[in-house]
Amino acid sequence: MKKVIKIIIILLLIVALVIGGIFIFKKFMNKPDDSKDPVVVEIKKLDEIKGFSYYLYDNSTDLYKELFNELKTVLETDPIDESKYAEIVSKMFVEDFYTLSTKVTNQDVGGLDFVHSSVKENLKLKASNTLYKYIESNVYGDREQKLPEVSGFVNAEVSTSKYTYSDKESKVTISDDKSYVVKLTWTYKEDLGYQTSATIRLVHEDKVLSIVSID
């Protein structure tokens with residue numbers, strides 16, 4: 001009887017050692033790729049237009065990079081062609097605002113660098129609750145959601161007119177004898193049913209042209 005009990009104990013010890021060995025091997029020696037910690041997406045600044053607070057980041061599309069370089073040339077030329085300046089800024093806003101595929105979260109609202117300081121927060125809040133509301137997070141670079149990307153511009157018309165805006169409640173007053181109105185039509189890499197045209201108004205804010213309305 002004692003011999004049988006001894007054999008059973010030895011067998012149990014062997015089983016325990018085997019199970020322990022398998023556990024240790026799986027945990028430390030054979031760790032699968034999908035068990036690795038996710039890599040957080042980092043966006044790096046590539047370039048800037050000094051004096052205007054316009055920046056280029058590494059996640060920008062080829063179209064945006066092209067427009068950025070065009071704008072840089074315009075702003076580094078004296079005198080500045082304001083009509084061209086207004087057109088390019090409007091295109092950059094549209095490209096960045098309506099290209100949702102490059103956004104990391106639904107709070108990453110594009111195009112705000114080109115918006116007038118007095119309306120920037122309102123636009124961001126409105127966008128977060130509408131166009132950007134259902135963007136899934138891509139913090140770890142694993143998003144599979146299909147999102148729009150602006151691919152090009154079909155038409156651009158630029159004109160000037162006097163503009164005055166006053167809001168007593170917010171105490172905001174904007175006036176410009178020569179504001180710019182830019183009418184744009186654009187396309188996407190894939191038609192997902194998003195907006196394809198807009199009329200954008202820009203006014204002088206210090207030395208920059210800033211967007212005050214998008215219709």
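What comes next concerns the included structure. Residue numbers restart at each chain and count upward from 1, following the sequence in its written direction. Where local features are concerned, this predicted model is filtered to residues with pLDDT of at least 70; where side-chain atom pairs are given and counted, the filter is 80 or more; whole-chain, interface and lining totals use all residues. For the side-chain quantities, the full set of heavy atoms in the structure was used; hydrogens and water were omitted.

A word on the overall build of the protein chain. For helices the rule is a DSSP run of H or I covering at least 4 residues; for strands it is a run of E covering at least 2, with both sets numbered from the N terminus onward. Tallying secondary structure elements over the protein chain gives four helices and six strands in all. Taken from N to C terminus, the helices and strands of the protein chain fall in the order α-β-β-α-α-α-β-β-β-β. Accessibility here uses a 1.4 Å probe with only protein chains present; expressed as a share of the type maximum, an area under 20% marks a residue as buried, one over 50% as exposed, and anything in between as partly exposed. The buried share among the 215 residues of the protein chain stands at 35%. Contact between two residues is taken to exist if any of their heavy atoms lie within 4.5 Å; hydrogens are not considered. When contacts within the protein chain are restricted to residue pairs at least 6 apart in sequence, those whose partners lie at least 24 apart make up 55%. Reported accessibility uses the Shrake-Rupley method at a 1.4 Å probe radius. Residues are deemed covered only where the shown protein chains occlude them. Total accessible area on the protein chain is roughly 13,900 Å²; 53% of this is exposed by carbon and sulfur atoms.

A few words now on the sheet that holds strand E5 (residues 197-205). Sheet strands pair by backbone hydrogen bonding; their relative direction is either parallel or antiparallel. Here we have four strands laid out as an open sheet, ordered E3-E4-E5-E6, and antiparallel in their pairing. Each edge of the open sheet carries a strand with a single partner, namely strand E3 (150-167) and strand E6 (208-214). With strand direction ignored, the average angle separating the axes of adjacent strands in the sheet is 30°. What makes two strands pair is DSSP finding at least two bridges between them. When E3 meets strand E4 (residues 172-188), the two strands line up antiparallel, connected through 15 bridges. The residue of E4 that forms the bridge with phenylalanine 153 is tryptophan 186. Running at roughly 60° to E4, helix H3 (residues 82-98) makes contact with E3, E4, E5 and E6 of the sheet. Orientation is described by lines fitted to C-alpha atoms, with helices fitted over the stretch in contact, and by angles between N-to-C directions that extend from 0 to 180 degrees.

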